[in-house]
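Residue strings, one per chain:
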Amino acid sequence: MPYYLSYILLIAFFLSIAIFQLGMPIEEKSRKYINFLVVAMYVFFFGFRGFVGFDWVNYYPFFKDIDKLSDFKFATISNDVGFSVFASFIKTVNPDYNFFILINTLVNVVLLHYFFKRYLPIRYYAFAFALFVAIGGIILELNLMRNVKGYLLFLLSIIYIEKRKPLPFFLLNLLGFLFHWSSLIFFPLYFFIHKKINIRLIILVFLIGNIIYLSQIEYITPFVNWLSSFFGEVAEERTTMYLASTMFGSQYGLTFGYIERFFTFLLVLSYHKKLIANAKSNVIFINCFFIYIFINLFFSEINIIITRIGILFIFSYWILWPKILENSKIVEKIALFVIFSLYMNVRLISQTNNPMFKYENVLLGKSASYNEKLKVYNKENIKLLKQVK
């Protein structure tokens, strides 16, 4: 069975409900029951997963070794303090690693629920969950267990950017920082991300970015290589090796992702006036989308920047695509829904067609042990290291 099949079935489930929600007149009470079904499926799929993805390699021994709250010592913390205390609390309640995964998933889905409920009409609930899983969410949920808490806390803090309330905004993101340092990137957004940007300037920057990307102009790599030369020959050789690898180095060309981003950029340009007229908060999501696009264009020679920093702004898709559908005429709406759905499936296949993403569920009795899965991880890790070399 293909490794990606389970994820495609999950997306198919969400999209089927989305078609029902968008195409049928449903009472508000019934919509809530349907949305509960969406959340229940999400929790079942991710909350009871086995050793899927990559993060379990670190977090299984981390959770096994961490003390319960009664014996917890801050001096022994090797991870971010907030996450360590969070994990210690869970272990105090139940020391089973599967319980740890379940609670993490429940926290994530609750935060995600409030975010979608705040910014999207209820009929787009299932569609938003499909978008989340396919566009960034599968990585956040399976491979970035610490990052995702700070990430989702930032999403909840966006309302305080709108209302210009700095205290709750910075407190929420300070809490997020206790889970992962990447939340620091969100702090400066408070001061400018809510402001409208001249669309002509955006188009100009977009054109320059495309020229750099398509012409494969390297301007970061020479600087990084020059900088590494000051730290000795070993550092210089290692930097050159990493930047030359497919895992950390450049990602150029007319890829499927590039075509999608170009298409979405044109869509956002076409709908941006309607979107802003509908809700001032859309300015924030549009600006974050532009940041995501520019990171992909201007930093394409360093793939690790795209994967680590770019993903922090990918949430804009989860809001903008449903909002674009909401503002489309019926024929356009159907065409866009089909295009979006096809893209989600293609993206999921490319992300999960790997032995590490072989889906297992502890409730279905199909979960390999840690040592069994570790053998698979070591085998795949050797392949990745060969790419670096």
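Higher on the page you've got the structure.
Keep in mind that this is a model prediction, so the values were computed, not measured. (Residues numbered from 1 in each chain as written. Predicted model: local features only at pLDDT ≥ 70, side-chain atom pairs only at ≥ 80, totals over all residues. Heavy atoms only, no water.)

Trainee: Which residues make up the overall build of the protein, and what values do they have?
Mentor: Along the protein, the regular secondary structure elements total 17 helices and zero strands. A burial count over the protein gives 49% of its 389 residues as buried. Pairs at least 24 apart in sequence give 76% of the contacts found in the protein among residues at least 6 apart. Only carbon and sulfur atoms are counted for the fraction: they give 66% of the accessible area of the protein, which is about 18900 Å². (Helix = DSSP H or I, 4+ residues; strand = E, 2+ residues; numbered from the N terminus. Buried < 20%, exposed > 50% of the residue type's maximum accessible area, 1.4 Å probe, protein only. Contact = heavy atoms within 4.5 Å. Areas by Shrake-Rupley, 256 points an atom, 1.4 Å probe, with all protein chains shown as cover.)

Trainee: Tell me about the environment of valine 362, and name the residues and values.
Mentor: Relative to the helices and strands, valine 362 is located in the loop between helix H16 (330–352) and helix H17 (370–388). With relative accessibility at 28%, the residue valine 362 sits in the partly exposed group. When the C-alpha atoms of valine 362 and phenylalanine 45 are compared, they prove to be 10.0 Å apart, with 317 residues separating the residues in sequence. With residues up to four places along the chain from it excluded, the contact list for valine 362 reads Phe48, Arg49, Gly50, Asn98 and Ser367.

Trainee: Give me the lowdown on the nonpolar core, citing residues and values where you can.
Mentor: Of all hydrophobic cores here, the largest spans 119 residues; its most connected members are Phe115, Phe116, Phe127, Phe129, Val133, Phe315 and Trp318. Broken down by element, the residue count for this core peaks at 14 residues, all from helix H6 (residues 125–143). Contacts of phenylalanine 127, omitting those with residues within four sequence positions, involve Leu15, Ala18, Trp321, Pro322, Leu325, Phe337, Phe340 and Met344. (Core = buried A, V, L, I, M, F, W, Y, C linked by side-chain atoms within 4.5 Å.)

Trainee: Outline the packing of aromatic side chains, listing residues and values.
Mentor: Counted according to the given criterion, the structure contains 65 aromatic pairs. Arranged with centres 5.1 Å apart and planes meeting at 80°, the rings of phenylalanine 169 and phenylalanine 170 form a pair that is edge-to-face. Residue classification places phenylalanine 169 among the buried residues on the basis of a relative accessible area of 0%. The class for phenylalanine 170 is partly exposed, based on a relative accessible area of 23%. (Phe/Tyr/Trp six-rings, centres within 6.5 Å; stacked < 30°, edge-to-face > 60°.)

Trainee: Lay out the environment of phenylalanine 116 in plain terms, naming residues and giving numbers.
Mentor: By the element assignment, phenylalanine 116 lies in helix H5 (residues 97–119). Among the residues examined, phenylalanine 116 registers a relative accessible area of 1% and is labelled buried. Along the primary structure phenylalanine 116 and alanine 126 are separated by 10 residues, whereas in three dimensions their C-alpha atoms are 9.9 Å apart.

Trainee: Describe unusual backbone geometry, with residues and values.
Mentor: Glycine aside, negative phi is the norm for most residues, and most peptide bonds take the trans geometry. A positive phi angle, near 55°, is found at arginine 164, a position not held by glycine. Position of arginine 164 among the secondary structure elements: in the loop between helix H7 (147–162) and helix H8 (166–179). Residue arginine 164 is classed as partly exposed on the basis of its relative accessible area of 35%.

Trainee: Can you explain the pattern of salt bridges? Please cite residues and give values.
Mentor: Here the structure, examined in full by the defined rule, presents two salt bridges. One salt bridge in this structure joins glutamate 326 and arginine 123, with 2.3 Å as the shortest N-O distance. Within this pair, whereas glutamate 326 is found in helix H15 (residues 315–326), its partner arginine 123 is found in the loop between H5 and H6, the two being separated by 203 residues in sequence. Residue arginine 123 is classed as partly exposed on the basis of its relative accessible area of 29%. (Salt bridge = Lys/Arg side-chain N within 4 Å of Asp/Glu carboxyl O.)

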